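Below are the chains, spelled out letter by letter.
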Amino acid sequence: MLGLKHHQPLDITPPTNAGRGLTATHSTAGLRWLFEHREHWGLTMDQLGILLGGIRRRTLTDWQQRANRGDEVEVSRDTMDRISLLLGIHKALTLLTPAGHEQLAYEWFQTPIELMGLQGTSIRDYLLEQGSMDALYYVRRNLDAMRG
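Residues numbered from 1 in each chain as written. Predicted model: local features only at pLDDT ≥ 70, side-chain atom pairs only at ≥ 80, totals over all residues. Heavy atoms only, no water.

Notes on the overall build of the protein chain
Heads up, the rule is: Think of it this way: any DSSP run of H or I at least four residues long counts as a helix, any run of E at least two long counts as a strand, and we number them from the N terminus. Working definition: with a 1.4 Å probe on protein chains only, accessible area under 20% of the residue-type maximum means buried, over 50% means exposed, and in between means partly exposed. Here the Shrake-Rupley method, with its probe set to 1.4 Å, supplies the accessible areas, and only the displayed protein chains count as covering residues.
The secondary structure content of the protein chain amounts to seven helices and zero strands. Ordered by position in the sequence, the α and β elements of the protein chain form the string α-α-α-α-α-α-α. Out of the 148 residues belonging to the protein chain, those deemed buried represent 35%. Of the roughly 9,400 Å² that the protein chain leaves accessible, carbon and sulfur atoms contribute 51%.

Quick look at the environment of Gly-148
If you trace the backbone, Gly-148 turns up in the segment after helix 7 (133-147). For Gly-148, a relative accessible area of 83% gives the class exposed. Distance in space between the C-alpha atoms of Gly-148 and Leu-96 is 9.7 Å, their sequence separation being 52 residues.

Some remarks on the environment of Arg-38
Formally: Counting of polar contacts relies on pairs of N or O atoms within 3.5 Å, with two restrictions inside protein: one atom must be capable of donating a hydrogen and the other of accepting it, and residues adjacent in sequence are counted only when both atoms are side-chain atoms.
Looking at the element boundaries, Arg-38 is found in the loop between helix 1 (24-37) and helix 2 (45-51). Between the alpha carbons of Arg-38 and Leu-48 there is a distance of 7.3 Å; along the sequence they are ten residues apart. Here the side chain of Arg-38 touches Leu-43 through a polar contact of 2.8 Å, landing on its backbone oxygen.

Section: the packing of helix 1 against helix 3 (residues 57-69)
Quick note on the threshold: Only the contacting stretch of a helix is used when fitting its axis, a line to C-alpha atoms as for every element, and angles between N-to-C directions run 0 to 180 degrees. Angle categories: roughly parallel below 35 degrees, roughly antiparallel above 145, roughly perpendicular from 65 to 115, and oblique for all the rest. Residues are treated as being in contact if the distance between any of their heavy atoms lies within 4.5 Å. The residue classification treats Ala, Val, Leu, Ile, Met, Phe, Trp, Tyr, Cys and Pro as nonpolar and Asp, Glu, Lys and Arg as charged. All others, Gly included, are polar.
One way to put it is that helix 1 packs onto helix 3 with a least axis distance of 10 Å and a crossing angle of 105°. Of the possible angle classes, the one that applies to helix 1 and helix 3 is roughly perpendicular. Taking contact as the criterion, the partners of Thr-28, Leu-31, Arg-32 and Phe-35 in helix 1 are, on helix 3, Leu-60, Trp-63, Gln-64 and Ala-67. Its residues assigned to classes, the contact of helix 1 with helix 3 shows five nonpolar, two polar and one charged.

Below you can see the structure in the form of structure tokens.
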């Protein structure tokens, strides 16, 4: 600890919960988007459940029916963070594709790559094998870095 008192942190204002939190409206919109794009990503409902932190198919099906009826679906903070990371991964992949070729983003998600240390595994398969929040953050950070 001796050396720490001589270093100033880069940001000296710690974060606070000063704004409106995420609501069921946010989670419902995110879920609706995931359900609409799940097949483009080559994901079954069970696999989507893995990416969302171990959510069972029955629960996902219930959420999908409720969202399709226009009802709001409230999810845990962990699930909401995972939805956000998946949307960010899609956005990063889309920004890496040529304009008007969003289909490439879906293909890149499923194609084995040598980038990011994945050694011939697709992003999709890596995320499913790991099933962790850390894996989602890892992919998101690396894709964001690639696009600059």
